[in-house]
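Chains, contacts and geometry: an overview
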Amino acid sequence: MRILVANANTTEAITRLCADAARAAASPGVEIVPGTPRFGPAVISSGLENAIAAHGILDLLAEHAGQVDAVVLAVSLDTALEAARQLMPCPVVGMTEAACFAACMLGNRFGLVTFGGTESYRRLIDSHGLTSRCAGLVGVDFTPQRTLVDPEGAVRAVGEGIARLVAGGADAVVLGGAALAGMEPALREASPVPLLDGITCGVRMAEALARMKPARTRQGPLAPVRDRESLGLSPALSALLRGA
């Protein structure tokens, strides 16, 4: 089995971080294929950058269509998730989507800690229908770039955010963001509640879906498109729009 771990940011260091976490989570015999878009924002931190990144990650996915058994979107906002499911012939799982649903199976209410602002996560959780299960969101004063040079400082900051969420009634906490990938072991002992790493949850759910071999939908908003013409797109993406 081959799983594409697709980072929508163009920062290769974040892709490597996610790939390492994915390999640690994957079952024996599962090959993790890391991917970074050819173009797009270095780090997604706004709605505008997320919209731009959607094209970049769909372009990346198109290059791997038919060559992988599942895809994990290794980006905190699950960028282009619905479009990716419409595009790809295999299961596609968003890392934050996976962690939030897993958290709901471990407690009544979950919290989410991330770097920076939280409003985009609030909208994302609402789009997944989980607002009533969310105890709170905490954005800590740290950045993905700082994490790469000060991982110990990042762990301390995230640990403080977890404590705030637990005090607010969270039964489980989602570690939101690709830059938090692989941080869960360092935080586990000090946390009184389960911590959900998006990459770990995403890889495990992607494996399960790939093994189920579900039929692809043929109707509705996620049905694949056919006979669509385009201009200026990559050959791989253009071919999928034509139904090749």
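Just above, that's the structure.
Report on the accompanying structure. All figures in this text were calculated on a predicted structure; none of them were measured in a lab.

The subject of this paragraph is the packing of helix α1 (residues 12–25) against helix α9 (residues 198–212). Between α1 and α9, whose axes approach to 9 Å, the crossing angle comes to 50 degrees. One way to sum up the angle between α1 and α9 is to call them oblique. Crossing handedness for the pair α1 and α9: right-handed. Contact with α1, carried on its side by Cys18, Ala21, Ala22 and Ala25, involves Ile199, Thr200, Val203, Arg204 and Glu207 of α9 and no other residues of that element. Split by residue class, the contact of α1 with α9 holds six nonpolar, one polar and two charged.

Another point: the pattern of salt bridges. Pairing between side chains of opposite charge can happen when the charged atoms of each approach one another. Following the criterion strictly, the structure yields eight salt bridges and no others. In this structure, Glu97 and Arg85 form a salt bridge, with 2.8 Å as the shortest nitrogen-oxygen distance. Separated by twelve residues along the polypeptide, Glu97 in helix α4 (residues 95–104) and Arg85 in helix α3 (residues 81–87) bring together distant segments of the chain. On the basis of relative accessible area, Arg85 is assigned to the partly exposed category, the value being 27%.

Our focus in this paragraph is the sheet that holds strand β6 (residues 134–140). The strand order across the open sheet formed by four strands is β6-β5-β7-β8, and the pairing between neighbours is parallel. If you trace the sheet from one side to the other, it starts and ends with β6 and β8 (195–197), each paired once. Across the sheet, the mean angle from the axis of one strand to that of its neighbour is 20 degrees, orientation sign disregarded. Where strand β7 (residues 172–175) lies against β8, three bridges are found, and the strand directions are parallel.

This paragraph deals with unusual backbone geometry. Even without glycine at this site, Lys213 takes up a positive phi of about 50 degrees. Along the polypeptide, Lys213 turns up in the loop between α9 and α10 (235–242). Using a relative accessible area of 68% as the deciding quantity, one classes Lys213 as exposed. Positive phi is not limited to glycine here, since Asp227 has a value of about 60 degrees.

Here the focus is the sheet that holds strand β3 (residues 70–73). The strand order across the open sheet formed by four strands is β2-β1-β3-β4, and the pairing between neighbours is parallel. Looking at the sheet topology across the chains shown, the edges are occupied by β2 (31–35) and β4 (92–94). For this sheet the average axis-to-axis angle between neighbouring strands, irrespective of direction, equals 25 degrees. Examined bridge by bridge, strand β1 (residues 2–6) and β2 share five bridges and lie parallel to one another. Within β2, the position partnered with Ile3 by the bridge is Ile32.

Another point: α10. Every buried residue of α10 is accounted for by Ala236, Leu237, Ser238, Ala239 and Leu240. Of the surrounding secondary structure, the elements contacted by the buried residues of α10 are α2 (47–64) and α3. A positive backbone phi angle near 95 degrees is found at Gly243, which sits one or two residues after α10.

Rules and cut-offs
Residues numbered from 1 in each chain as written. Predicted model: local features only at pLDDT ≥ 70, side-chain atom pairs only at ≥ 80, totals over all residues. Heavy atoms only, no water. Axes fitted to C-alpha atoms, helices over the stretch in contact; angles between N-to-C directions. Helix = DSSP H or I, 4+ residues; strand = E, 2+ residues; numbered from the N terminus. Parallel < 35°, antiparallel > 145°, perpendicular 65-115°, else oblique. Left-handed = near helix turned anticlockwise from the far one by under 90°. Contact = heavy atoms within 4.5 Å. Nonpolar A, V, L, I, M, F, W, Y, C, P; charged D, E, K, R; others polar. Salt bridge = Lys/Arg side-chain N within 4 Å of Asp/Glu carboxyl O. Buried < 20%, exposed > 50% of the residue type's maximum accessible area, 1.4 Å probe, protein only. Pairing = 2+ DSSP bridges.

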